[in-house]
Amino acid sequence: MRRLNRRKTLSLVKELDAFPKVPESYVETSASGGTVSLIAFTTMALLTIMEFSVYQDTWMKYEYEVDKDFSSKLRINIDITVAMKCQYVGADVLDLAETMVASADGLVYEPAIFDLSPQQREWQRMLQLIQSRLQEEHSLQDVIFKSAFKSASTALPPREDDSSQPPDACRIRGHLYVNKVAGNFHITVGKAIPHPRGHAHLAALVNHDSYNFSHRIDHLSFGELVPGIINPLDGTEKIALDHNQMFQYFITIVPTKLHTYKISADTHQFAVTERERVINHAAGSHGVSGIFMKYDLSSLMVTVTEEHMPFWQFFVRLCGIVGGIFSTTGMLHGIGKFIVEIIYCRFRLGVYKPVNSVPFEDGHTDNHVPLLENNTH
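A brief look at the structure comes next. Quantities reported herein were computed from a predicted structural model and do not represent experimental measurements.

Cut-off values and rules
- Residues numbered from 1 in each chain as written.
- Predicted model: local features only at pLDDT ≥ 70, side-chain atom pairs only at ≥ 80, totals over all residues.
- Heavy atoms only, no water.
- Helix = DSSP H or I, 4+ residues; strand = E, 2+ residues; numbered from the N terminus.
- Contact = heavy atoms within 4.5 Å.
- Areas by Shrake-Rupley, 256 points an atom, 1.4 Å probe, with all protein chains shown as cover.
- Phe/Tyr/Trp six-rings, centres within 6.5 Å; stacked < 30°, edge-to-face > 60°.
- Buried < 20%, exposed > 50% of the residue type's maximum accessible area, 1.4 Å probe, protein only.
- Lys NZ or Arg CZ within 6 Å of the ring centre and 35° of its normal.
- Polar contact = N/O pair within 3.5 Å; in protein donor to acceptor, adjacent residues only side chain to side chain.
- Salt bridge = Lys/Arg side-chain N within 4 Å of Asp/Glu carboxyl O.

## A word on the overall build of the protein chain
Inference 1: Summing up its helical and strand segments, the protein chain has five helices and 17 strands in all.
Inference 2: Put simply, 80% of the contacts in the protein chain that link residues at least 6 apart link residues at least 24 apart.
Inference 3: For the protein chain, the exposed area adds up to about 24700 Å²; of that, 60% sits on carbon and sulfur atoms.

Written out as structure tokens, the structure is:
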């Protein structure tokens, strides 16, 4: 009884088979079918390789939301070389919200040589080349995000030559923390001193002829320091043509959360507009000689996430490629074979022609005459 039930169940399952097997004796192969199959398999192999490369690749997804974090501090990372001696210049930050001087104790003043060595000059040239390409092709920023912590450091390399030239410049580098409000980071003549109504610089003790605010920005960023990220002002070099020259940078900072398969960091992107002019009070061009970086923060925050195609989506797309090519090539092969047979039969084997009836002696006619006329004698 159990065997009978098993046979009935097996018979029922066989009837539900959607892939019936055809005996090989009933299968007819042809050269055209083999050619189409070869083309189909080649196309499937190429598309599968391309699809696998897409599956291995990743892309950056950008999401925007309102930045609700106003209580935390903003970190400013600085590495700037000014063509003046360290005792003649001072750097500080003026917080516009509280009209007070933010402490710049985190900055280090190092005597340096303004002219770069050959290796350093090559580093700067490559950095400027990358900056120009970034301005033309914005999609390269995604590549930089994905290569963070994997690429070489973007910091200025040390000098490879033992120059006996005395230091003629001051390298100001380090980091400092300020409130997340608009502010003004500036480097000007004289050291900064506290003042009840703001701040002041001891510029009277510095000879006017020694003013030279030619400078090179090796690095300037906001937020967490992420190696491999290239910022808009990295590699910038400005040469002052006058002693009384002001360089201004107007910076808009966008808080950015970066999440990739390598890192997760809270950093900031920024856009900058540059301006420079000569201070001439007689001509109506007022101001103070120096380098001024006025920054403001955007109210929007950008979340950049590296995404990858899930395996189930890759598998579905792969099945679609294989099944679609099989179905399409089968249909095209059937249509092509049908058209070829019609053309071959019509122009190679002859055409249909009407044939006159053959009368018999009893008055009947014979209509059973072959429809195809044989022209062969």
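So much for the structure itself; the text now carries on.
## Section: the environment of Ala-83
Inference 1: On the secondary structure map, Ala-83 appears in the loop between β2 (73-82) and β3 (89-95).
Inference 2: Through-space distance from the C-alpha of Ala-83 to that of Tyr-211 is 8.8 Å; in sequence the pair is 128 residues apart.

## So, the packing of aromatic side chains
Inference 1: Across all of its chains, the model carries 10 aromatic pairs by this definition.
Inference 2: Pairing Tyr-55 with Phe-311 gives two aromatic rings, centres 6.4 Å apart and planes at 75°, and the pair type is edge-to-face. On the criterion of sequence distance, the pair formed by Tyr-55 in helix α2 (residues 31-56) and Phe-311 in helix α5 (residues 311-348) is long-range, its members being 256 residues apart.
Inference 3: On the basis of an interplanar angle of 80° and a centroid distance of 5.4 Å, the ring pair of Phe-222 and Phe-270 is categorised as edge-to-face. With Phe-222 in strand β10 (residues 215-223) and Phe-270 in strand β13 (residues 264-278), the pair connects residues that are 48 residues apart, well separated along the chain.
Inference 4: Taking the relative accessible area as the measure of exposure, Phe-222 reaches 2% and is therefore buried.
Inference 5: Residue Phe-270 is classed as buried on the basis of its relative accessible area of 9%.
Inference 6: Aromatic ring contacts, followed pair by pair, group Phe-52, Tyr-55, Phe-311, Phe-314 and Phe-315 into a single cluster.
Inference 7: The ring centre of Phe-114 lies 5.2 Å from the NZ or CZ of Arg-216, which sits over that ring.

## Re the side chain of Thr-267
Inference 1: Take Thr-267: it is sitting in strand β13.
Inference 2: The exposure class of Thr-267 is buried, given its relative accessible area of 13%.
Inference 3: Excluding residues that lie within four positions of it along the chain, Thr-267 makes contacts with Phe-222, Gly-223, Glu-224, Val-226, Pro-255 and Thr-256.

## Some thoughts on the environment of Asn-179
Inference 1: Locating Asn-179 in the fold gives a position in strand β6 (residues 169-179).
Inference 2: As a C-alpha pair, Asn-179 and Phe-70 span 109 residues in sequence and 8.2 Å in three-dimensional space.
Inference 3: A polar contact is formed between the side chain of Asn-179 and the side chain of Lys-73, at a distance of 2.3 Å.

## Side note on the pattern of salt bridges
Two side chains that carry opposite charge are able to pair once their charged atoms sit near each other.
Inference 1: On inspection of all chains with the given rule, the structure shows 11 salt bridges.
Inference 2: Here Lys-180 and Asp-67 are joined by a salt bridge, their closest N and O atoms 3.3 Å apart. Within this pair, whereas Lys-180 is found in the loop between β6 and β7 (183-189), its partner Asp-67 is found in the loop between β1 (58-66) and β2, the two being separated by 113 residues in sequence.
Inference 3: In this structure Asp-67 comes out as buried when scored by relative accessible area, which is 5%.
Inference 4: Three or more residues joined by partner-sharing salt bridges are found here, namely Arg-121, Arg-216, Asp-218 and Glu-237.

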